[in-house]
Amino acid sequence: MSTTHTTEPDTPSLAQSVLRGLACKCPRCGNGKLFAGFLTLRPKCDVCGLDFAFIDTGDGPAIFIIMLAGAIVVACALIVEVKYQPPFWLHAVLWLPLILATTLLPLRSMKSLLIALQFHHKAAPGRLINREPK
């Protein structure tokens with residue numbers, strides 16, 4: 001009895017892509033490292049040789065992180081202000097570390113996740129289609 005696969009051998013499932021993205025691993029093989037530095041990508045995967053030239057996340061990861069971190073920090077700051085009314089210097093002491101933690105820590109994983117999803121869905125730049133005028 002033969003089974004047919006609807007996906008190509010190089011295309012991971014959506015769950016695999018998400019896990020590989022969160023782990024900052026190669027989106028194709030899941031073993032090679034994606035980053036050479038904090039946010040600097042390697043030219044290609046050390047294990048499977050996937051060329052990372054297709055990757056273009058742009059400002060997507062930063063926007064997602066800014067929106068999530070902003071909601072968390074603003075909600076916490078408003079609750080503390082309404083309940084305790086601390087001086088402004090205490091707000092700075094409380095919220096600057098939280099801002100750094102909620103923006104810098106998840107940024108690498110978010111960028112890697114968007115790269116893995118880009119690979120999974122075979123994202124490419126938009127192209128115009130030539131059509132006959134009506």
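Structural data are supplied above this passage.
Residues numbered from 1 in each chain as written. Predicted model: local features only at pLDDT ≥ 70, side-chain atom pairs only at ≥ 80, totals over all residues. Heavy atoms only, no water.

Caption draft 1: Molecular detail of the overall build of the protein. Across its full length, the protein carries three helices and zero strands. For the protein, the C-alpha radius of gyration of 21 Å lies well beyond 14 Å, the compact-globule estimate for 134 residues. Across the protein, the fraction of contacts at a sequence separation of at least 24, relative to all contacts at a separation of at least 6, is 56%. A total accessible area of about 9700 Å² is found for the protein, and carbon and sulfur atoms account for 65% of it. In the protein, the 13 positive side-chain charges and the 8 negative ones have mean positions that sit 5 Å from each other. (Helix = DSSP H or I, 4+ residues; strand = E, 2+ residues; numbered from the N terminus. Rg over C-alpha atoms; globule rule 2.2 N^0.38 Å. Contact = heavy atoms within 4.5 Å. Areas by Shrake-Rupley, 256 points an atom, 1.4 Å probe, with all protein chains shown as cover. Lys, Arg positive; Asp, Glu negative; His and termini not counted. Charge placed at Lys NZ, Arg CZ, Asp CG, Glu CD.)

Caption draft 2: Inspection of the nonpolar core at higher detail. C24, C26, C29, L34, F35, C45, L50, F52, I55, I115 and F119 together form the largest nonpolar core, which totals 11 residues. Filtering out sequence-adjacent residues up to four positions away, I55 remains in contact with L34, L41, I115 and Q118. (Core = buried A, V, L, I, M, F, W, Y, C linked by side-chain atoms within 4.5 Å. Buried < 20%, exposed > 50% of the residue type's maximum accessible area, 1.4 Å probe, protein only.)

Caption draft 3: Broad picture of unusual backbone geometry. Its identity is not glycine, yet C24 carries a phi of approximately 60 degrees, on the positive side. Topologically, C24 is positioned in the loop between α1 (14–22) and α2 (60–84). By relative accessible area, C24 is classed as buried at 13%. Phi is positive for K122, which is not a glycine, with a value near 50 degrees.

Caption draft 4: Quick look at the environment of G32. Tracing the backbone shows G32 in the loop between α1 and α2. For G32 and I55, which are 23 residues apart along the polypeptide, the C-alpha to C-alpha distance reads 15 Å. Contact partners of G32, with chain neighbours within four places excluded, come to C24, K25, C26, C45 and V47.

Caption draft 5: Looking closely at the packing of α1 against helix α3 (residues 88–120). Between α1 and α3, whose axes approach to 7 Å, the crossing angle comes to 150 degrees. Between α1 and α3, the interaxial angle falls into the category roughly antiparallel. Two packed elements cross with a definite hand, and for α1 against α3 that hand is right-handed. Counting all contacts with α1, which are made through L14, S17, V18, R20, G21 and L22, the residues of α3 involved are S109, S112, L113, A116, L117 and H120. Grouping the amino acids of the contact of α1 with α3 by side-chain chemistry returns six nonpolar, five polar and one charged. (Axes fitted to C-alpha atoms, helices over the stretch in contact; angles between N-to-C directions. Parallel < 35°, antiparallel > 145°, perpendicular 65-115°, else oblique. Left-handed = near helix turned anticlockwise from the far one by under 90°. Nonpolar A, V, L, I, M, F, W, Y, C, P; charged D, E, K, R; others polar.)

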